[in-house]
Amino acid sequence: MRNMNFHGLSSGEAARRLAEYRPNEQPKAPPPGVLAIALRTLREPMFFLLASAALLYLFVGELGEGLFMVVGAGASIALVVLQELRTERALQALNRLAEPTAICRRDGVERRVPARDLVPGDLILVGEGERAPADALLIGGDALVVDESLLTGESAAVTKTLADERLTTEIPDPGGEHTPFLFAGTMIARGSGMAEVLRTGARTAMGALGASLATIESEPSPLQQRTGRLVATLGAFALLFCLLVFLAYWLVHGDWFEGAIAGLTLAIGLLPEEFPMVLAIFLALGAYRLARRNVLVRRTSATETLGSTSILCVDNTGTLTQNRMRVAFAVVDGDETTEAPDPERRRKLVRAALRASSLNPVDPMDRAVHAFAADAGVALEGEPVRSFPIRPDLLAFIQCWRDESGESYAAKGAPEAISKLARLSDEERARLDRQIGDFARRGLRVLAVATTAPLPQAPPPELALFNLAGLLVFEDPLRADVPAAVTAARRAGIAVAMVTGDYPATALAIARQAGLDADAGAFTGAEIAATPSELLPEKIRNLCVFARVTPTSKLALVEAFKADGQIVAMTGDGVNDGPALAAAHIGIAMGQRGSDVAREAAHIVLLDDSFASIVAGVVLGRRIFANLRRALTYVTAIHIPIAGVALTPILMGLPPLLLPAHVVLMELIIDPTCALVFESQPNEPDAMLKPPRRRDEPLFGPRELWLGFVQGFVVFLAVMSVYVIDNGFGTPEAQARGLAFATLVVSNLVLALSDALPRGASLFSHDNLAFWLVAGAAGCMLAAALFVPPISELLRFEPPPWPKLALALTLAAIAGSWLETWRRLLFPTPVAVPKDGAA
């Protein structure tokens, strides 16, 4: 016999069992280690080219140069591995935030705990739209309808009934009908209840499959896939050019070794292998920064899209409001007081509302009813027989109860649904509507309650005779930061629409408190359903309050806004919100009160359910996009002079300027620059004064490609001018090469700073610490390469005279900064945006 103890485990016993049974986690592959990342890096085309150059030097050329190439390639690999580890740590942190939670009863108190901390013997509350966190036995609440297709492959849901005391703990296979066993990972489609955990972790039915439902999507985003294909194509072209230069040099000069070195140098310079690394780092660290703002990104493509959002469709409960729902007062016979003139009728109303609520409440309104009943000293009597969930055509929850007087129904829901159940006359309905309208205009929510007289056996609900018991009036204060966040969104050209199931007058009152334009009135779900889809975009274009919206209407709204050219972000928390969240450009699920169905369908999970966090996420999304665009432009720009100075001297009959070792040194500067310097830059002051970018505007399109080419070509001209002029004056080859290389390094650093620095930002702000560290390391490296004899000889440099060096570095600074200087002269620093919702 089972011990039906609803107190739950003690905290001490739970800790002991956790140590014994280990965390409730599904088997998963360990994160890649240093060796795995290093081996993955070695498969990149860049390191194949570096290895080829090193082998040539080791076996045909100078041993010292070969060893230098090996050390340089090792340092480059180490930098990539460090960046990959940084990215992996960010993804692991996101996965920890995405881990599921469960409502557990311990020490007699309900608390939300990480699902990984559940142990056998724990009592958990499960409800509609949630996944069972462990294999468990249903011991309280309603009969459940459960989707076990994850384990069985069967699309038809099965019914779960309560366990009785005669049941053994032998657990059958998933798929059984009318059994009390719940299995980890299966979805509760209907009902709610209490269950006792039987098996956790790898011992569950799902553990045998090795499935995991909580991980952040790690597949490459579409942009990463396109970039990967681009780099692969450029790699093929680089190898082709390498072969052509090798053959041409060999045929013209008769020196196959120098030809091979020249070809490899050109190929390395042509290959922008930083593109995939920059994208991976920016998207992973961007997602981590968003998570610190309570915006958890489940799909990396959302990081690219978030900053382009043009309309935010949000629910009011818990997003605009504080989600501290409480019953302000009960209304019996039209009396708006906490104490009705007839105390017995008031007790009947509270008892009926309690009976029409979940026994193990998760919904904020059900919790508020339980708290209100406890304060009124009203307790449940009898036992529930069956329940009838809310339907789109009847927005009311009905539950049948049995006590010593017989069976009776209690119903709670939208006033129009309850008035339909109670068959109110037109006069009674009009009086009720006036009263509800008055409450709604004050921003209060109203639920009506009805009950039936007890009978030996209750008929079906549609045949029962319901009587209106009264009204419960709820209040949920607006969040203090909402008006400022709405103002910030509007200033940025982002429309805010409130999409709610509330009564229209309630929705309009809350919209006015939040600072939304409610003058156009509220558009209801019924009106959405009645409007042809081709006319809906025009109909809703200037509206921002939508009331009595059903999940079907919410999906229609998303499609209409998309048809009108908007980039739609839609919030949702319910089981039926999945289609709307999946259809939106950015689906946003509620982390605290959202269902697992909503979270799995969404692109983003809002950890604190706050509207201000959504706006802060948009601000940060714009910053990530702008910095990523600048970084990719810089990578393009710097490869132009590297490839140009590797090829042009050969075409002009001059001695080679760049050798593979020089390109390795450049890569040691470029990699940390684009991965650290650009990623850490703040938004421009007017970032939230600009309208959202167009949906079809590419991250890196022809404009950015052309801009990068022009910047890079100017640097190329500066470097080649120094080299050609110095060679023309009879300067030794090694000295001209050293002077030109110094010009290339400094122009690279200046170009990076001018491309990365937002307008109005200080050169010496904390955000530029990474740049000054990279610049300092690059300066030391350049000084050693020019003035430390063993290193300069290895790199075939000679120290140039100081006047020449000063002139060349001045030219480098001009070549790297001309475009940014011109921009700042033409476009002065913008006015800073107030800190509303800023990231």
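Parameters at a glance
Counting starts from 1 at the beginning of each chain's written sequence and moves along it residue by residue. pLDDT decides what is reported in this predicted model: residues at 70 or higher carry local features, side-chain atom pairs at 80 or more are listed and counted, and totals for whole chains, interfaces and linings draw on all residues regardless. Excluded from the side-chain calculations are hydrogens and water; all other atoms, namely the structure's heavy atoms, are used. Here a strand is any run of E in DSSP of at least two residues, a helix any run of H or I of at least four, and the numbering for each starts at the N terminus. Each residue's exposure class comes from its accessible area (1.4 Å probe, protein chains only) as a fraction of the maximum for that residue type: buried when under 20%, exposed when over 50%, partly exposed otherwise. Any two residues whose heavy atoms approach within 4.5 Å at even a single point are treated as in contact. Residue burial considers only the protein chains on display, and all accessible areas are found by Shrake-Rupley using a 1.4 Å probe. Asp and Glu are treated as the negative residues and Lys and Arg as the positive ones, with His and the ends of the chain left uncounted. The location of each charge is read from NZ of Lys, CZ of Arg, CG of Asp or CD of Glu. By this definition, two strands are paired if DSSP reports at least two bridges between them. Both cavities and pockets are sets of points on a 1 Å grid over the protein atoms alone; in a cavity a 1.4 Å probe fits but cannot get out, in a pocket the set is open with protein on both sides within 12 Å along at least five of seven lines, and lining residues sit with an atom within 4 Å of a point. Grid points are joined across faces, edges and corners, and a volume is the space filled by probe spheres set on the points. Under the scheme applied, nonpolar residues are Ala, Val, Leu, Ile, Met, Phe, Trp, Tyr, Cys and Pro; charged residues are Asp, Glu, Lys and Arg; polar residues are all the others, including Gly. For this document, the term salt bridge refers to a Lys or Arg side-chain nitrogen within 4 Å of an Asp or Glu carboxyl oxygen. Patches here are clusters of residues that have more than 30% relative accessible area and form no salt bridge, with a 9 Å joining cutoff for like charges and a 5 Å cutoff for nonpolar side chains (Val, Leu, Ile, Met, Phe, Trp, Tyr). Ring pairs shown here join Phe, Tyr and Trp side chains whose ring centres sit within 6.5 Å, with only the six-membered ring taken for Trp; geometry is labelled stacked below 30 degrees between planes, edge-to-face above 60, and tilted in between. For every residue, the pLDDT score states the predictor's confidence, bounded by 0 at the bottom and 100 at the top. Take the buried residues of types Ala, Val, Leu, Ile, Met, Phe, Trp, Tyr and Cys, join any two whose side-chain atoms come within 4.5 Å, and each joined set is a nonpolar core. The angle between two axes is taken between their N-to-C directions and runs from 0 to 180 degrees, where each axis is a line fitted to C-alpha atoms and a helix contributes only its stretch in contact. Angle categories: roughly parallel below 35 degrees, roughly antiparallel above 145, roughly perpendicular from 65 to 115, and oblique for all the rest. For a crossing to be left-handed, the near helix must be turned anticlockwise from the far one by less than a right angle; the clockwise case is right-handed.

1. Concerning the overall build of the protein
Next, step 1: The helix and strand tally for the protein stands at 27 helices and 24 strands.
Next, step 2: Principal axes of the C-alpha set define a box for the protein whose edges measure 110 × 60 × 45 Å.
Next, step 3: Residues counted as buried form 54% of the 839 residues belonging to the protein.
Next, step 4: A separation threshold of at least 6 residues defines the contact pool for the protein, and within that pool the share at least 24 residues apart is 72%.
Next, step 5: Carbon together with sulfur atoms contributes 60% to the accessible area of the protein, which is approximately 35,600 Å² in total.
Next, step 6: Charged side chains of the protein number 76 positive and 89 negative; the gap between the two group centres comes to 3 Å.

2. Quick look at the pairing of strand β15 (residues 396–403)
Next, step 1: The buried count for β15 comes to six of eight residues, which makes it a mostly enclosed element.
Next, step 2: As paired strands, strand β14 (residues 383–388) and β15 are joined by five bridges and run antiparallel to one another. By the bridge assignment for β15, Glu-383 is matched with Arg-402.
Next, step 3: The sheet contact formed by β15 and strand β16 (residues 406–413) spans eight bridges and is antiparallel. Counterpart to Ile-398 in the pairing with β16 is Ala-411.
Next, step 4: In this antiparallel pair of consecutive strands, β15 and β16, the connection spans two residues.

3. Considerations on the sheet that holds strand β4 (residues 135–141)
Next, step 1: Read across the open sheet, the six strands follow the order β2-β1-β3-β9-β4-β7; overall the sheet is antiparallel. Unpaired on one side and paired on the other, β2 (109–114) and β7 (181–182) mark the two borders of the sheet.

4. Details of empty space enclosed by the protein
Next, step 1: Taken as a whole and assessed by the stated rule, the structure comprises six cavities of 30 Å³ or more.
Next, step 2: In this structure, the largest cavity encloses a volume near 60 Å³.
Next, step 3: Looking at the largest cavity, the residues that line it are Tyr-57, Glu-65, Phe-68, Met-69, Leu-659, Ala-661, His-662, Leu-794 and Leu-795.
Next, step 4: If you tally residues by element for the lining of the largest cavity, the top one is helix α4 (residues 63–98), at three residues.
Next, step 5: A class-by-class count of the residues in the lining of the largest cavity yields seven nonpolar, one polar and one charged.

5. Some thoughts on the pattern of salt bridges
Next, step 1: As enumerated under the stated definition, the model contains 25 salt bridges in all.
Next, step 2: Ionic pairing is found between Arg-111 and Asp-107, a salt bridge with its closest N-O pair at 3.4 Å.
Next, step 3: Take Arg-111: its relative accessible area is 31%, and that puts it in the partly exposed class.
Next, step 4: The class of Asp-107 is partly exposed, set by a relative accessible area of 32%.
Next, step 5: A salt bridge links Asp-438 to Arg-442; its shortest N-O distance comes to 3.5 Å.
Next, step 6: Note on Arg-442: relative accessible area 40%, which makes it partly exposed.

6. Comments concerning a nonpolar patch on the surface
Next, step 1: A cluster of nonpolar side chains, contributed by Leu-243, Leu-247, Trp-250, Leu-251, Val-252 and Trp-256, occupies part of the molecular surface with about 650 Å² of accessible area.
Next, step 2: Ranked by residues supplied to the nonpolar patch, first place goes to helix α6 (residues 222–253) with five residues.
Next, step 3: According to the relative accessible area criterion, Leu-243 is partly exposed, its value standing at 46%.

7. Focus: the packing of aromatic side chains
Next, step 1: Counted according to the given criterion, the structure contains twelve aromatic pairs.
Next, step 2: When the ring of Tyr-409 is compared with that of Phe-466, the centres are 6.0 Å apart and the planes differ by 35°; the resulting orientation is tilted. Of the two residues, Tyr-409 sits in strand β16 while Phe-466 sits in strand β18 (residues 466–475), which places them 57 residues apart along the sequence.
Next, step 3: Tyr-409 gets classed as buried once you look at its relative accessible area, which sits at 1%.
Next, step 4: A network of ring pairs unites the aromatic residues Trp-706, Phe-709, Phe-713 and Phe-716 as a single cluster.

8. With respect to the environment of Ser-387
Next, step 1: Structurally, Ser-387 is set in strand β14.
Next, step 2: By relative accessible area, Ser-387 is classed as partly exposed at 24%.
Next, step 3: C-alpha of Ser-387 to C-alpha of Glu-273: the two residues are 114 residues apart in sequence and 61 Å apart in space.
Next, step 4: The residues touching Ser-387, leaving out its near neighbours within four places in the chain, are Asp-142, Phe-397, Ile-398 and Gln-399.

9. Quick notes on the confidence of the model for the protein
Next, step 1: Here the protein shows a mean pLDDT of 83. Residues at 70 or above account for 91%.
Next, step 2: Long-range and interchain partners of residues 832–839, a stretch whose pLDDT sits below 50, account for 19 contacts in this model, where long-range means more than four residues apart.

10. Side note on the nonpolar core
Next, step 1: By size, the foremost hydrophobic cluster in this structure holds 94 residues, and its most contacted members are Met-69, Val-278, Tyr-634, Ile-642, Leu-657, Leu-658 and Phe-741.
Next, step 2: Excluding residues within four positions of it along the chain, Phe-741 makes contact with Leu-658, His-662, Leu-665, Met-666, Leu-782 and Phe-797.

11. Section: the packing of helix α23 (residues 702–728) against helix α24 (residues 733–756)
Next, step 1: Where α23 contacts α24, the two axes come as close as 9 Å, and the packing angle between them is 160°. Taken together, the axes of α23 and α24 lie roughly antiparallel to each other. As for how α23 packs across α24, the hand of that crossing is right-handed. Contacts between α23 and α24 involve Gln-711, Val-715, Ala-718, Val-719, Val-722, Tyr-723, Asp-726 and Asn-727 on the former and, on the latter, Gln-735, Ala-736, Arg-737, Leu-739, Ala-740, Thr-743, Leu-744, Ser-747, Leu-751 and Asp-755.

12. Considerations on the pairing of strand β12 (residues 326–332)
Next, step 1: By the criterion of burial, β12 is predominantly enclosed, with six of the seven residues buried.
Next, step 2: As paired strands, β12 and β18 are joined by five bridges and run antiparallel to one another. Within β18, the position partnered with Arg-326 by the bridge is Glu-475.

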